[in-house]
2 protein chains.
Amino acid sequence: VRPSLLLLLALPALAAPRKPTQAPDPAATAALLLGQALSSDEAYEELRELCDDIGHRISGSPQLDAAIDWGMRRMTEDGLAVTLEPVDVPRWVRGPAKLELLPSRAGLAARELAILALGSSVSTPPEGIEAEVYVVSSFDAFDPARAKGKIVVWDAPFVGYGETVRYRGEGASVASRAGAVASLVRSVTDRSLYTPHTGNQRYAADVIPIPAAAITPEDAATLHRLQDHGSTPRLRLQLTATTEADVRSANVVGELRGRERPEEIVVLGCHLDSWDVGQGAQDDGAGCVTVMQAGALLAALPQAPRRTVRVVLFTNEENGLRGGKAYAAAHASERIVAAVEDDTGAGAPLGFSADLRDAKGDPDPAAFARLQAALQPQLGWLRPVGAAHLEAGWSGADIGGVVENGALGFGLEHDMSGYWIIHHTDADTFEKVDPDLVRRNVAAMTVFAWALAETPELLPAVQP
Amino acid sequence: VRPSLLLLLALPALAAPRKPTQAPDPAATAALLLGQALSSDEAYEELRELCDDIGHRISGSPQLDAAIDWGMRRMTEDGLAVTLEPVDVPRWVRGPAKLELLPSRAGLAARELAILALGSSVSTPPEGIEAEVYVVSSFDAFDPARAKGKIVVWDAPFVGYGETVRYRGEGASVASRAGAVASLVRSVTDRSLYTPHTGNQRYAADVIPIPAAAITPEDAATLHRLQDHGSTPRLRLQLTATTEADVRSANVVGELRGRERPEEIVVLGCHLDSWDVGQGAQDDGAGCVTVMQAGALLAALPQAPRRTVRVVLFTNEENGLRGGKAYAAAHASERIVAAVEDDTGAGAPLGFSADLRDAKGDPDPAAFARLQAALQPQLGWLRPVGAAHLEAGWSGADIGGVVENGALGFGLEHDMSGYWIIHHTDADTFEKVDPDLVRRNVAAMTVFAWALAETPELLPAVQP
């Protein structure tokens, strides 16, 4: 417990001494937690440590190990019972990369273009490859006959992350199937200052893996214009990416045992790994310090919530999801009643999404309506930070496994207007994070976690 | 003359056949030029050629030679009498550069940071240098005693280009005087997506040149935070920049001889060179195609304007201003009555600045007021494109010499809200240029040039 919390707990109106056996007033406790969250920059300071002292932290890196140590130490200081749950994770190493646009006429120099290999990409031969480009805007427009022997450039306009990221994820496989020698994707973003975005891609089982990388929207546009005006631009590409043997990593789990129903568990999740660029400040450092601070504030209450709360810093979300899968498997027999993920940046909190599905796995509007009605009083506690809104939607990648196993899945939703432009780039850095918004996100997460962990009979009504 | 111009000229209402001796109606001709400018994408298409087929073009590069050939060819096609005026320019070659933040603890890897050497920077020794950083926010806060043996990082917040660029221009000299081993400047921009900005710097005569480079605002902030929190970050820096022997270059001059007072000259200027990053689309490709198209439209009139118009594509603005200086010296005995520069991007036209000074070189409000009153009718012609505003201000770098020699100096002013974030970066590329705004800028420049070249007795009233 930190001094600032002790100070707030000493305020007589909010936290008058009460006997341990007396049930806490849930609304008053929610107000206390809200006030505490909005009064502290501890989460912001933790994010600074993670970004500056450790930096980016891809699966299998020493930086991720350092982040795991840091998370364990920080949550222990916060009064949680911390365990490490080992998980083997992939170790993909980017290595140096070089991309050049060859000159269109004698006497001019080659132009070096920015490039970031995509996760799990194979390398080129050491001497690189050289080929003409075939630029195309969509899978529909793709002409396999034009791709053979070419470097395919997917210049898909950004219409939304979920839609456009398909070219990053599947582009190399589609190109390889047509005999292309490499696949380059325009970075998945709505605006660019010549900033390439990395991210994962998956080779389909039936294809020969070909090198896969992201280029900037600027260069994708240039190549496209050159092609449109009758040039046949040639690129020289060298990638040295390698996939090495799996490495032992861990989910970091900080537990606060429930005072009445310890066997019922509420998970607060984020992922501690990042891509190997920038500082992973918003993806997902901000989510981690938010759930960590929520755990700290709940642990500092005079009485623990009714249910057990577990803060889980998942490993390997970005290029494998091994942490989330391992957690779901290891805890399949427990009663995880709800899970909340924070993995969409550090913008202003907007509310929560709830992922309710019927037996067939389809969205279940009736169940959602019951949940929304039942949660009305608790959502009211979130009004001061603008997070009282509940809507049907996706929860989060890391908690996908426990949601599949029956937990109610929630996601803390943020204003994402500044998110995609820095996502998976060197620009995902600490100075873009607003400390006031961190406080508001901590408030939203803490109060919502309190609602889920304390409300007596809410959840069975809608659980499958 | 291009087909689209012929078509417009054939419109009877605007360009009815008239005898060569009959004076043109200035307002009707202004309306014709405006309509032609707004109806054509020729300037935009020229900008695409310059950006895509040639790309960036620093002084002394083969790309700049190619751009000069291109400008000469294009202006000849436009009906101007084109000459090349030779100028020797510096040849500074960036070479590879590498900057690493050394890890704060054993087991972690060094972090590679983006870097762009500043123009005229010297190199490091081949093995590089390694030193602690001293981060400081301003010249006022700079403590020379803390800089000795350090890599100084100028983390000056962006308050405006003119003010903040001093740290780029003078930072290395100030640091060197205090015994620093290198100088890094936070890129001069108001927003960043991890995009470094290059630009020129000058070593003062009394200092030992030390390596000088720009880093991203993100990394400047990180280094600053590390220092503020008690760390002493160490950097490893390798620069291989060299200054080679001067190279023969040229100003490209396209002339349209005046029909009545050919000895009175109106210069329309831009610079054809760029930094060695991006495509130089807005700095200053857009300015060049704008003045070129203005020249083309004036050349296509049935009668030339009263005065001579010269479109000058200056060389070596960025790192030497040799083109502007050479032009002013070579033409000092001519009567250049006015000069207009377009070198502030491709944003919407806002009007023109007029640089009127008294004998002591101070701004001359009385002369400006006379000019503003005298130009009212002509400015009215610019109202349809929002460029009717005239204000006292700076004209342009390339035409500075001819303005000093007595020409009225003007600058086409643009909305610069999107300019500084891409200025001198790899993000200054064609796709960010709006074709509609190019048309409006061409219209503003053409009509203003027409006003200056045609209005009989306007200029002597305010000229020194």
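Residues numbered from 1 in each chain as written. Chains lettered and ligands numbered in written order. Predicted model: local features only at pLDDT ≥ 70, side-chain atom pairs only at ≥ 80, totals over all residues. Heavy atoms only, no water.

Draft legend 1. Main features of the relation of the copies chain B and chain A. Rotating chain B by 180° and moving it 0.0 Å along the rotation axis overlays it on chain A with an RMSD of 0.0 Å. The superposition operator between the copies reduces to a two-fold rotation axis. Across chain B, the smallest distance between a C-alpha and the rotation axis is recorded for leucine 193 of chain B, namely 2.9 Å. (Least-squares fit on C-alpha atoms with pLDDT ≥ 70 in both.)

Draft legend 2. Quick look at the interface of chain B and chain A. The interface of chain B with chain A comprises 37 residues on the first partner and 37 residues on the second. Applying the counting rule to chain B against chain A returns 4 salt bridges. A salt bridge links arginine 225 of chain A to aspartate 52 of chain B, with the nearest nitrogen and oxygen atoms 2.7 Å apart. When residues of the side of chain B that touches chain A are traced back to their parent elements, those giving at least two are helix H4 (42–54), helix H5 (62–77) and helix H8 (217–228) of chain B. For the side of chain B that touches chain A, the leading source of residues is H4 of chain B, giving 6 residues. Grouping the amino acids of the side of chain B that touches chain A by side-chain chemistry returns 14 nonpolar, 11 polar and 12 charged. (Contact = heavy atoms within 4.5 Å. Salt bridge = Lys/Arg side-chain N within 4 Å of Asp/Glu carboxyl O. Helix = DSSP H or I, 4+ residues; strand = E, 2+ residues; numbered from the N terminus. Nonpolar A, V, L, I, M, F, W, Y, C, P; charged D, E, K, R; others polar.)

Draft legend 3. Fine view of the environment of valine 266 of chain A. When you line up the elements, valine 266 of chain A lands in strand S11 (residues 261–271). Sequence spacing of valine 266 of chain A and arginine 307 of chain A is 41 residues, and the spatial spacing of their C-alpha atoms is 7.0 Å.

Draft legend 4. Looking closely at the sheet that holds strand S9 (residues 234–239) of chain A. All names here are of chain A. Here we have 8 strands laid out as an open sheet, ordered S3-S2-S9-S5-S6-S7-S8-S4, and mixed in their pairing. Two strands close off the open sheet at either side, each with one partner strand: strand S3 (111–113) and strand S4 (116–117). Packing against the sheet, helix H6 (residues 161–177) makes contact with strand S6 (151–154), strand S7 (182–186) and strand S8 (212–215), and its axis sits at approximately 150° to S6. (Pairing = 2+ DSSP bridges. Axes fitted to C-alpha atoms, helices over the stretch in contact; angles between N-to-C directions.)

Draft legend 5. How the structure looks around the state of the cysteines. Residues and elements named next belong to chain A. Summed over all chains, the structure comprises 2 disulfides over all chains. Disulfide pairing is shown between cysteine 270 and cysteine 288; the S-S distance is 2.4 Å. In this structure, the disulfide formed by cysteine 270 and cysteine 288 twists by about 100° around the S-S bond and is classed as right-handed. Taken together, the residues span a long stretch of sequence, with cysteine 270 in strand S11 and cysteine 288 in helix H8 (residues 281–299) at a distance of 18 residues. Judged on exposure class, the residue cysteine 270 and its partner cysteine 288 are both buried. Its sulfur unpaired, cysteine 51 is 11 Å from the next cysteine sulfur, which belongs to cysteine 288. Accessibility expressed as a relative area gives 0% for cysteine 51, which makes it buried. (Disulfide = S-S within 2.5 Å. Buried < 20%, exposed > 50% of the residue type's maximum accessible area, 1.4 Å probe, protein only.)

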